[in-house]
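Here are the chains, one letter per residue:
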Amino acid sequence: MAPRTAGAPVRRLTVLYDAECPLCTFLRDWLARQPQLVPLEPVPAGSAQARRRFPELDHGATLDEITVVGDAGQVYRGAAAWIVTLWALREHRPLAHRLSTPSGARLARGAVLAAARWRGAQWGGRVYRRADGWSYDPRAGWTYTAPGCDSGACATG
C-alpha cells in the first residue's frame, strides 16, 4: 500500500545529516545561511531525537545517505533528498527544477556518489565508531550499540 503522502503539500523538511562528518556539517551550516522558501530543520542522523521522531526509518541507512523527511511523512533519500532540499531554498529552486529532469537527476546522483566516496575515503576502509553508539564497518554497514551497552548485557525492554 502506498503511503498517504502522495500529493500532500510540503510545509517543512527535516534534513538528517551525519553530525560527525565535516562535509555534512559544512553543508548543514551552508543550508542554515540560505533564504528558505520551505523551512529546513537539521537533525543529526541516528541520534536519539531522529530515532524518536522517525521510528519507522532505517537509521543506519540515514547515516549512509542523506535523508530528508517532509512534514506529511514524505521520505527522500540520496539524489532526491538533495533535490528537495535545493527546492526548499529561494535561490536554488530553479536548479532543483533542472535537477528533477532525467538528465539532471543523473547529475545529482553523481554529486551524491562523489560525496559518499569522499566520506568513505576519510575512513580509509577502517571501522568508524561514533560517540553516539553508531559504528560503520565497510563489510557489514552501520550498526548501533546503545552507549554503555558495549558488553551486550543491556536490558532490551
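Above this note sits the structure.
None of these values were measured; they are calculated from a predicted model. (Residues numbered from 1 in each chain as written. Predicted model: local features only at pLDDT ≥ 70, side-chain atom pairs only at ≥ 80, totals over all residues. Heavy atoms only, no water.)

Before going further, it helps to spend a moment on helix α1 (residues 22–33). In this model, α1 (12 residues) spans 17 Å end to end at C-alpha, consistent with the 16 Å of a helix rising 1.5 Å per residue. Every buried residue of α1 is accounted for by Cys-24, Thr-25 and Leu-31. Along the long axis of α1, the arc covered by the buried residues comes to 120 degrees, so they all point the same way. For α1, the exposed residues set more than 90 degrees away from the buried face come down to Pro-22 and Arg-33. (Helix = DSSP H or I, 4+ residues; strand = E, 2+ residues; numbered from the N terminus. Expected span 1.5 Å × (residues − 1). Buried < 20%, exposed > 50% of the residue type's maximum accessible area, 1.4 Å probe, protein only. Arc of directions from axis to C-beta.)

Examined against the element boundaries, Gln-34 turns out to sit in the loop between α1 and β2 (40–44). On the basis of relative accessibility, which here comes to 13%, the residue Gln-34 falls in the buried class. Residues Gln-34 and Ala-88, spaced 54 residues apart in sequence, show a C-alpha to C-alpha distance of 9.6 Å. In contact with Gln-34, other than residues within four places in its own chain, are Leu-89, Glu-91 and His-92. Side-chain polar atoms of Gln-34 contact the backbone oxygen of Trp-30, separated by 3.2 Å. (Contact = heavy atoms within 4.5 Å. Polar contact = N/O pair within 3.5 Å; in protein donor to acceptor, adjacent residues only side chain to side chain.)

We now examine the sheet that holds β2. One open sheet holds the 4 strands; their spatial order is β2-β1-β3-β4, and the pairing between them is mixed. At either margin of the open sheet sits one strand with a lone partner, and together these are β2 and β4 (75–77). Between one strand axis and the next, the sheet turns through 25 degrees on average, direction left out of account. Taken together, the 4 bridges between strand β1 (residues 13–17) and strand β3 (residues 67–70) define a ladder with antiparallel strand orientation. Its bridge partner lying in β3, Leu-13 is registered against Gly-70. (Pairing = 2+ DSSP bridges. Axes fitted to C-alpha atoms, helices over the stretch in contact; angles between N-to-C directions.)

As a volume, the second largest pocket reaches approximately 250 Å³. Along the wall of the second largest pocket there are 13 residues; nearest its centre are Trp-82, Leu-86, Ala-108, Ala-111 and Val-112. Residue assignment for the lining of the second largest pocket shows that the elements contributing at least two residues are α1, α4 (78–87), α5 (93–99) and α6 (102–123). Residue composition of the lining of the second largest pocket, grouped by class: 13 nonpolar, no polar and no charged. (1 Å grid on protein atoms, 1.4 Å probe; cavity = no way out; pocket = protein on both sides within 12 Å on 5 of 7 lines; lining within 4 Å. Points joined across faces, edges and corners; volume = space filled by probe spheres on them. Nonpolar A, V, L, I, M, F, W, Y, C, P; charged D, E, K, R; others polar.)

A separate point is the nonpolar core. Formed by 19 residues in total, the largest nonpolar core has its most connected members in Leu-13, Leu-40 and Val-68. Considering each element in turn, this core owes the most residues, 5 residues, to α4. If near-sequence neighbours (up to four positions away) are discounted, Leu-40 is found in contact with Leu-13, Val-15, Leu-31, Thr-85, Ala-88 and Leu-89. Ala-50, Phe-54, Trp-134 and Trp-142 belong to the second-largest nonpolar core, a separate cluster that totals 11 residues. (Core = buried A, V, L, I, M, F, W, Y, C linked by side-chain atoms within 4.5 Å.)

One can find Gly-70 in strand β3. Each C-alpha atom of the pair Gly-70 and Thr-14 lies 6.4 Å from the other, and the pair is 56 residues apart in sequence. With sequence-adjacent residues up to four places away left out, Gly-70 is seen in contact with Arg-12 and Leu-13.

Per the stated rule, a full pass over the model turns up 3 salt bridges. The salt bridge involving Arg-28 is made with Asp-29; its shortest N-O contact spans 2.9 Å. Residue Arg-53 pairs with Glu-41 through a salt bridge whose shortest N-O separation is 3.1 Å. One end of the pair, Arg-53, is in helix α2 (residues 48–53); the other, Glu-41, is in strand β2, and 12 residues separate them in sequence. The class of Glu-41 is partly exposed, set by a relative accessible area of 22%. (Salt bridge = Lys/Arg side-chain N within 4 Å of Asp/Glu carboxyl O.)

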